[in-house]
Amino acid sequence: GDGTALTATSSIFLASSGKVGIGTTTPDSKLTIFTNTNDSAIEFSSASGDAYKWTMGIDYSDAGKFKIASSTALGTNDRFVIDGNGYLGLGTANPGRKLDIFEAASNTQVRISQSDSVYSELFVDSAGDLRMSATGGDIRALNENLYVCAGDACETGAQLTTGKILVENSIGIGSTTPWSKLSDVKGGAITVGENN
């Protein structure tokens with residue numbers, strides 16, 4: 001035949017091509033792990049306790065998603081998930097976009113760092129608002145325009161020269177409501193002290 005199993009009851013198969021199959025006698029790669037109706041996974045374990053256990057593989061019971069979990073089983077503490085659409089989830093087993101990052105409450109979902117003390121963060125709060133913060137620096141739009149628009153697209157019209165901000169609706173000034181309001185967007189007037 002093409003190769004031999006290590007023992008009569010072994011599920012490990014060494015093909016004459018040098019490929020190894022676990023659960024299959026027809027490995028496609030240097031190492032192929034196959035199971036028909038269960039998860040096909042590899043566990044990495046060190047010391048004792050769940051903190052030293054990581055599992056990665058295909059979660060059969062969850063539409064064949066590829067997962068990396070900080071546990072002994074896929075579907076428990078999934079940290080990294082890729083589904084059949086190529087969507088990547090970090091902190092979520094059900095990514096809804098090409099990159100879907102989940103962190104509960106108003107915790108930061110994304111941090112971009114230059115050092116431990118110089119970083120910027122993006123997060124979505126419980127109201128669905130996108131928030132940005134910069135520690136050790138400013139939030140800037142360098143050499144380009146910054147657009148803040150409602151809906152799917154910004155208003156069309158004359159292009160701004162670089163270094164401008166286009167806001168379609170209100171601008172909040174100050175730390176408490178009622179905020180000031182951009183009352184004439186196209187004219188660029190800002191009124192301060194309005195109650196709406």
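Summarised in this report is the structure supplied together with it. (Residues numbered from 1 in each chain as written. Predicted model: local features only at pLDDT ≥ 70, side-chain atom pairs only at ≥ 80, totals over all residues. Heavy atoms only, no water.)

## A closer look at the side chain of Asp78
On the secondary structure map, Asp78 appears in strand β8 (residues 78–82). Within the structure, Asp78 has its side chain in polar contact with the side chain of Lys67 (distance 3.0 Å). Within the structure, Asp78 has its side chain in polar contact with the backbone nitrogen of Gly75 (distance 2.8 Å). Discounting chain neighbours no more than four positions away, the residues touching Asp78 are Lys67, Ile68, Ala69 and Ala93. (Helix = DSSP H or I, 4+ residues; strand = E, 2+ residues; numbered from the N terminus. Polar contact = N/O pair within 3.5 Å; in protein donor to acceptor, adjacent residues only side chain to side chain. Contact = heavy atoms within 4.5 Å.)

## Looking at the packing of aromatic side chains
The final tally for this structure, using the stated rule, is 0 aromatic pairs. Positioned above the aromatic ring of Tyr119 is the side chain of Arg111, whose terminal nitrogen or guanidinium carbon lies 3.7 Å from the ring centre. (Phe/Tyr/Trp six-rings, centres within 6.5 Å; stacked < 30°, edge-to-face > 60°. Lys NZ or Arg CZ within 6 Å of the ring centre and 35° of its normal.)

## Examining the sheet that holds strand β5 (residues 40–45)
Pairing is mixed in the open sheet, where 6 strands are placed in the order β5-β6-β7-β8-β9-β10. Looking along the sheet, the strands with just one partner apiece sit at the ends: β5 and β10 (99–101). Each adjacent strand pair in this sheet contributes to an overall mean axis angle of 10 degrees, direction not counted. Relative to strand β6 (residues 53–59), β5 is paired through 6 bridges, and the arrangement is antiparallel. The residue bridging Glu43 from the neighbouring strand is Thr55, located in β6. (Pairing = 2+ DSSP bridges. Axes fitted to C-alpha atoms, helices over the stretch in contact; angles between N-to-C directions.)

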